[in-house]
Amino acid sequence: MDHTWDTRAALMSAPRGGAAQVVSRAKKPLNPFDPTLFFVTLFLTVSGICMLFSASYAVGIARHQSAFHYVWKQMVFAGIGLALMIACSKVNLITVRRLSFLLLLVTALLLVLVWSPFGLELSGARRWLKTWPFALQPSEVAKLTLILFIAHTLSIRQRSTRRMAGGSVEWWQEPLLRAALAIGLIAGLILFEPHLSVVVMLTAGAAVVCFLAGIPRRLLWAAIGACVLVGVIGLATAKDYQIKRIESWFGSALTCAEDPEVTPYQIIQSVKGVRAGGLVGVGFCEGKQKLLFLPSAHNDFIFSVVGEELGLLGTLFTLGLYVVILWRGFHIAYQSEDQFCSLLAAGLTTTVTLEAMVNIGVAINLLPTTGMALPFISYGGSSLIMNLVMVGFILNVSRHSSLQTWRGLHEDSARGRGNGRAHLPRADHRGSRGVRQPSRLHRVRWRP
Amino acid sequence: MTTLDETRVRIERLCYVLLIFIGIMAFRLVRLQVLQHDRAGRSETKREKIVPRRAGIYTRDGVSLAVSPEGVRICANPRAVLDKEATAQALIPLLEMSQGELMDALDRTEVGGRKNYFVKLQEMADPETARELEAASLQLWQAGNTASPRAVYGEPFNYREYPRKDFASQLIGFVNCRGDGVEGIEQFWNDMIGGRPGYMEAEVDAVGNPIPNGRRRFFPPEEGSHVVLTIDDRIQFYTEQAAQAVVDAFQPNWVTAIVMNPRSGEVLSMATRPGFDPNNIPERLAGREINRAVNFPYEPGSTFKLVTASAALADLPPDKLAVKVNCKGSIRIGKHTIRCWILAKEGHGHGPQTLSDGIKNSCNMAMVGFGRMLGKEALYHYAEMYGVGEATDLGCPREKRGILPDLRTWDDARLANISFGQGLTVTPIQLLRIVSTIANDGMMMQPYLVKEIRSAEGETVQRFHPKETRRVIPEAVAHQVGAMMERVVAEGTGKLASVKGYRAAGKTGSAEKVVNGRYAPGKFVSSFVGFLPAEDPKLAILVVADEPKGSHWGSVVCGPAFAEIASKSMMRIRFEPTLLAERSSTASTTTSNSPP
């Protein structure tokens, strides 16, 4: 039997008024969000701004006559992002879930709008929208909305269940198909920009959500087989120079030695910086590679600056922070009682950490070159804000998840609002605090 | 199993996969940062040469022959230019170059596979233009078109100017485009004049700007020192003038004239005509031997008879000296026939000749006779003592030593030839040294060109003094040779060289010229060498003309030039004419005490 209360129930069972009622009832007993995840994110964002200063002053002076040009902007983005993160950790997930399809459509619209006069073309790619006060990158938004939609659509009860419940099922109501269509739509639009690395990341994130949603094993194997097949066909039809590049990358990834003939300039510079760092680094702001030797030191290759200036200690610490995010995010997903919440948290966590891992992997020449921002640290408004918003949603899920917290809350309900924090007593609109009913949202599994 | 349970299982598996990948990355980081730390390579540094201002070259009386005005040249850093079109647009009105040239210059971001941070846009710009350009560069930077406020800049540059143009040009030499002396005094004293360049070494960013907190090392430059020559401005001018007159009259390949103070060895002038303007050096001159006075060895011909004569006077016993050699116009030695010049001119020989007559008439036969009396060892010894085949170490680059054939190769014919100056070579300065030795009572002086070195502030840091090389012949012999030379001017071949008001001593020379190893018919090197006043020599003067047309007699071609240089130079050194009856000898000695 399915004890899990899911947001779907709220959507399906009650009319709009009813749903609103559920929301208002569900609001009260929520947990505080996961403090570890929150503070690690906050720490990454703030220390990222410091690191960004070091990485960007040279290019700031060279291009904008101000060492603080990027830092000021990033600080504004961080402010907006942190505010949005807290806001997103508070919104009602049921509302979000209900709006997920609409959000996906809006994203698709934005992705189409880059081709309108609002779009901004930079070095042959239309990835930005001219929005005040900064250019918006709709593909960053797409990462969130796509995962929201897929998590939503895949946690809808399966067709058989629906049929047993007497509902009629059309072919287009098949969740996996809808998910695939959504992925195809968004990925196609972004591919058209073109922005290949985002397509890959987006598809990977969506695929992870599909995988976690429990798609059948044979489908999984089929998908893996299809990937392998595409890879083989790709290799078979690849041109000589492409093969050579792959070979060179593969060789240098294994041997840890770059071939200056084939390895791209920025990778050579990036690895040079990382090597120069040594165990403890050359010191904050003392790095040399960012002085216009390393292209886009302030965004795609900021990890190399970390490596050069803070050394192995700094890089491992940074890597550790992403591991903490991974651990907390998956923990939250694991503990979630709701399929949608679980998929959402796991999907978003994967997106954030995978992006970090790809960025770092590129910076240390472990992966082929792609333009990928390092979450929370790299310069870039859309990226920073959207990453913070994603963490905001993970935090939101965390408020619904923890079994222990709920139990503690339930047992110590006499203690204030139950979040373990001191607070002023206040008039509760539902009257006495002590008689609060456990919400269906927090029904625990082991209670029959 | 519910879907949620399946999800949890899969979350766990995904987590493991990601952690494995993170582990690989951590391992890679350890490998890169600890194990391969020393492979990182050094940061880029730029070494900037700081060239000190080149010091000047002056005549002994302080006239500038070479100066370095403060100049600015316009340079650009092509790697710092981000928007070439916009940059070119802004700079074109300020520069004297076309759009295409400027674009080409800005395109040179790499030279020979190395990063290039420097192109020269314009030479010798005025400082006002340079300031305007730097202001424009700042604006370009602010507009984001360049990555550095100093993408285009004016840089102080060592320019070299020769205010007297072709005056003593072969002697002074010139500098190359990098400001290094490559010829003449400029080359020989390059280290002294140029000073020692300093260096500024700084770590730079990718566009070549020094890093504010980067490593920096500064080696200050050492200022160059001024070189004051022994050359006298006026005498040099007279010499140039007289040499030019010879060039105009006889169209020789070139004419060299040198004036030397025989008492000290100071070279008072050294002129070669035709000259060139070192401000605008023809390409062909670079690295060529242009200063004929020191790098043209030629067969001296009759002027060398002075060596034979002094050797005879010094070595031969009186009975042999008193012998009169009968000149029949030609003589047969082995299979060679040696002719006297008079045979071709007048069809007969000089007749019986004493040594003095032989010098006066420049008789080859007389010299052959005395040479044979001397023997080859003695003649070789004196030629060697007179410095034939030995560089004068005057202080000029590419000085030639001339050839004194090895004694073992001397046979009778060679002895005969050498006794009248064929079959060996000397440079003009060597020949003048020989005559100066005679003028200086047989004591050879070291010829020199630099009087003193002055620091950049103008203080004398080094002074050069006359230096005796060696005694070649006894004083009495020198006086005897001098007397013979006086006869040459007074009554012999050198009448055209007589100097009004002075007793001059001299010797003509019309040597056959060797071209490609054999004597070329009709090609001569004419010369006249002498000193004055004969009783107390103040100046020794040599005039040499290569392949004069019209006449080849040393007296005709070079004699008048000698006379002109001599008379004007004597006035210059305020040595009053001694042969004027009105002048008392006391008056002349009081004014003669200060040789230049």
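Residues numbered from 1 in each chain as written. Chains lettered and ligands numbered in written order. Predicted model: local features only at pLDDT ≥ 70, side-chain atom pairs only at ≥ 80, totals over all residues.

Regarding the overall build of chain B
Counting its secondary structure elements, chain B contains 21 helices and 24 strands. Residue burial in chain B is summarised as follows: out of 596 residues, 49% are buried. (Helix = DSSP H or I, 4+ residues; strand = E, 2+ residues; numbered from the N terminus. Buried ≥ 20, exposed ≤ 12 C-beta atoms within 10 Å, placed from the backbone.)

Examining the sheet that holds strand 8 (residues 152–158) of chain B
Residue and element names in this part refer to chain B. Reading across the sheet, the three strands line up as 7-4-8 and stay open at both edges, with antiparallel pairing between neighbours. Either end of the sheet is taken by a strand with one partner, and the two such strands are strand 7 (119–125) and strand 8. Going across the sheet, the axis of each strand differs from the next one's by a mean of 30°, ignoring polarity. As paired strands, strand 4 (residues 70–76) and strand 7 are joined by four bridges and run antiparallel to one another. Residue Ile74 lies in a different strand from strand 7, and its bridge partner there is Gln122. (Pairing = 2+ DSSP bridges. Axes fitted to C-alpha atoms, helices over the stretch in contact; angles between N-to-C directions.)

Remarks on the packing of helix 8 (residues 233–250) of chain B against helix 20 (residues 559–572) of chain B
Residue and element names in this part refer to chain B. Look at helix 8 against helix 20: their axes get within 9 Å of each other, and the N-to-C directions meet at 165°. Considered as vectors, helix 8 and helix 20 are oriented roughly antiparallel to each other. In terms of crossing hand, the pair formed by helix 8 and helix 20 is right-handed. On helix 20, the residues that touch Arg234, Ile235, Tyr238, Thr239, Ala242, Ala243, Ala245 and Val246 of helix 8 are Ala561, Glu564, Ile565, Lys568, Ser569 and Arg572. Split into classes, the residues belonging to the contact of helix 8 with helix 20 amount to eight nonpolar, two polar and four charged. (Parallel < 35°, antiparallel > 145°, perpendicular 65-115°, else oblique. Left-handed = near helix turned anticlockwise from the far one by under 90°. Contact = placed C-beta atoms within 7 Å. Nonpolar A, V, L, I, M, F, W, Y, C, P; charged D, E, K, R; others polar.)

Here we look at the interface of chain A and chain B
Taken together, the contacts link 46 residues of chain A with 36 residues of chain B. For the side of chain A that touches chain B, the secondary structure elements donating two or more residues are helix 3 (35–64), helix 9 (196–212), helix 12 (265–277), helix 13 (302–335) and helix 14 (339–363) of chain A. Of all the elements, helix 13 of chain A adds the most residues to the side of chain A that touches chain B, at 11 residues. Along the lines of polarity and charge, the residues of the side of chain A that touches chain B split into 28 nonpolar, 13 polar and five charged.

Concerning helix 10 (residues 305–315) of chain B
When you tally the buried positions in helix 10 of chain B, you get 11 out of 11 residues, the bulk of the element. Among the residues of helix 10 of chain B, B:Lys305, B:Leu306, B:Val307, B:Thr308, B:Ala309, B:Ser310, B:Ala311, B:Ala312, B:Leu313, B:Ala314 and B:Asp315 are the ones counted as buried.

Let's talk about the confidence of the model for chain A
Low pLDDT means the predicted coordinates in that region are not meant to be read closely. All names here are of chain A. Put simply, chain A has an average pLDDT of 79, and 79% of its residues get 70 or more. Note on residues 1–6: pLDDT under 50 across the span, and 16 contacts to partners over four residues away in sequence or across chains. Segment residues 13–28: pLDDT under 50, and 14 contacts once partners within four positions in sequence are set aside and those in other chains are kept. (pLDDT = per-residue confidence, 0-100.)

Topic: helix 20 of chain B
Within an α-helix, residues lying three or four positions from one another point in the same direction, as the helix has 3.6 residues per turn. All names here are of chain B. Compared with an ideal rise of 1.5 Å per residue, which puts 14 residues at 20 Å, helix 20 spans 20 Å between its outermost C-alpha atoms and is within 8% of the ideal. Of the surrounding secondary structure, the elements contacted by the buried residues of helix 20 are helix 8, strand 12 (254–260), strand 22 (505–515), strand 23 (518–532), strand 24 (539–546) and helix 19 (554–557). One or two steps after helix 20, the chain reaches Arg574, where phi turns positive at roughly 60°. (Expected span 1.5 Å × (residues − 1).)

A look at the pairing of strand 11 (residues 226–229) of chain B
Residue and element names in this part refer to chain B. The side-chain alternation of strand 11 yields two buried faces, one formed by His226 and Val228 and the other by Val227 and Leu229. As paired elements, strand 2 (residues 57–58) and strand 11 share two bridges and run parallel to each other. Of the residues in strand 11, the one forming a bridge with Tyr58 is Val228. Summarising the sheet, strand 11 and strand 19 (residues 450–454) pair through four bridges and their orientation is antiparallel. Bridging from a neighbouring strand, His226 pairs with Arg454 of strand 19.

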